[in-house]
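Below are the chains, spelled out letter by letter.
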Amino acid sequence: SAAPESRCGLLQGKNGPCGVLAAVNAELLAQKGCPPPSAAATEADLRAALAAILWRCASADAPAGAKESVAQEVVLARWEGAVGGPIVTESFAADGAASVAANLAPLMPALRQKGGVVLLCYACVLTRGVEAVRADVALDNGSGPLIAGPHALCGTELMTLLMAGRARGNVG
């Protein structure tokens, strides 16, 4: 929406990454306790939602009950110069979503701009691990790609990676 009072989460200016935005905005709304439509989300709210998504990708294989006590590698991505150019990654050990959020702070302007969804997808795939994503997809006889077609539609595997930390295609 162009109305500042109704903006919440990441906005979609044109056709494109609606699946990724839906997952991010769903996380944001869940964390805010399903606020009324006119509620505004802060930068810190959005950063916490993105951190929760990345933390799920990092800790999906950690034993239950040990997710917050075992450091997990998280990979962040940024453009090296102009959007669409080379992507630079950096990794760090995180012990929970709060430490991921702290490391995300300097990248928030890039994540909110054109190409930000691409950076988030890169970060999620690299945090989960390319081979782990391939193994997840194969479990349900999937073949990828995570984003397909001329309109860059999200596959089920990308949606479940964002929502559950694993790139599984079977949601039944």
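Scroll up for the structure.
This one's a predicted model, so the numbers in the text were calculated from it and none came from an experiment.

Thresholds, definitions, all that
Residues numbered from 1 in each chain as written. Predicted model: local features only at pLDDT ≥ 70, side-chain atom pairs only at ≥ 80, totals over all residues. Heavy atoms only, no water. Axes fitted to C-alpha atoms, helices over the stretch in contact; angles between N-to-C directions. Helix = DSSP H or I, 4+ residues; strand = E, 2+ residues; numbered from the N terminus. Parallel < 35°, antiparallel > 145°, perpendicular 65-115°, else oblique. Contact = heavy atoms within 4.5 Å. Nonpolar A, V, L, I, M, F, W, Y, C, P; charged D, E, K, R; others polar. Expected span 1.5 Å × (residues − 1). Buried < 20%, exposed > 50% of the residue type's maximum accessible area, 1.4 Å probe, protein only. Patch = residues over 30% accessible without salt bridge, like charges linked within 9 Å, V, L, I, M, F, W, Y side chains within 5 Å. Areas by Shrake-Rupley, 256 points an atom, 1.4 Å probe, with all protein chains shown as cover. Salt bridge = Lys/Arg side-chain N within 4 Å of Asp/Glu carboxyl O. Polar contact = N/O pair within 3.5 Å; in protein donor to acceptor, adjacent residues only side chain to side chain. Left-handed = near helix turned anticlockwise from the far one by under 90°.

Trainee: Can you help me understand the packing of helix α5 (residues 116–128) against helix α6 (residues 130–139) in this one?
Mentor: Two quantities define a packed helix pair, namely the angle between the axes and the distance from one axis to the other. Between α5 and α6, whose axes approach to 5 Å, the crossing angle comes to 85 degrees. Relative to α6, the element α5 lies roughly perpendicular. Contacts between α5 and α6 involve Val125, Leu126 and Arg128 from the former and Val130, Ala132, Val133 and Asp136 from the latter. Considered class by class, the residues forming the contact of α5 with α6 number five nonpolar, no polar and two charged.

Trainee: In this structure, what is going on with α5? I would like to understand it.
Mentor: What sets the pattern is the α-helix's 3.6 residues per turn: residues three or four places apart point alike. Under the 1.5 Å per step criterion, the end-to-end length of α5 is 18 Å for 13 residues, consistent within 8% with the ideal 18 Å. Most of α5 is tucked away: ten of the 13 residues are buried. Among all positions in α5, only Gly116, Val117, Leu119, Leu120, Cys121, Ala123, Cys124, Val125, Thr127 and Arg128 are buried. The positive-phi residue at the C-terminal boundary of α5 is glycine 129, with phi of around 105 degrees.

Trainee: What am I meant to see in a nonpolar patch on the surface here?
Mentor: The grouping of Val118, Tyr122, Leu126 and Val130 at the surface amounts to a nonpolar patch, some 300 Å² of accessible area in total. Take the nonpolar patch: its biggest share by element is three residues, from α5. In this structure, tyrosine 122 sits in helix α5.

Trainee: Would you mind going over the side chain of serine 59 with me for this structure?
Mentor: Its place among the elements puts serine 59 in helix α2 (residues 43–59). For serine 59, a relative accessible area of 2% gives the class buried. At a separation of 2.8 Å, a polar atom in the side chain of serine 59 contacts the main-chain carbonyl oxygen of tryptophan 55.

Trainee: Sorry if this is basic, but what is going on with the environment of alanine 94 here?
Mentor: Position of alanine 94 relative to the elements: it lies in strand β2 (residues 87–94). Sequence separation between alanine 94 and glutamate 73 is 21 residues, and the spatial gap between their C-alpha atoms is 6.2 Å. With residues near it in sequence (within four places) discarded, alanine 94 still touches Trp55, Val70, Ala71, Gln72, Val74, Ser99 and Val100.

Trainee: Just to check I follow, could you spell out the packing of α2 against α5 for this structure?
Mentor: It is at 7 Å that the axes of α2 and α5 come closest, and there the two elements cross at 30 degrees. For the element pair α2 / α5, the angle class is roughly parallel. Crossing angle aside, the handedness with which α2 passes α5 is right-handed. Taken together, the residues of α5 that come into contact with α2 (itself represented by Leu50, Ile53, Leu54, Cys57 and Ala58) are Leu120, Ala123, Cys124, Thr127 and Arg128.

Trainee: For this particular structure, what's the right way to read the pattern of salt bridges?
Mentor: Proximity of charged atoms lets side chains of opposite charge pair with each other. Overall, the coordinates contain eight salt bridges when judged by the stated rule. Residue aspartate 45 is joined to lysine 32 by a salt bridge in which the shortest nitrogen-to-oxygen separation is 3.0 Å. With aspartate 45 in helix α2 and lysine 32 in the loop between α1 (18–31) and α2, this pair connects stretches of sequence that are 13 residues apart. For lysine 32, a relative accessible area of 31% puts it in the partly exposed group. For arginine 128, the salt bridge is made with aspartate 61, and the minimal N-O distance between the two is 2.7 Å. Of this pair, arginine 128 sits in helix α5 while aspartate 61 sits in the loop between α2 and β1 (72–79), and the two are 67 residues apart along the sequence. Using a relative accessible area of 10% as the deciding quantity, one classes arginine 128 as buried. Connected via shared salt-bridge partners are Asp61, Arg128, Asp136 and Arg166.

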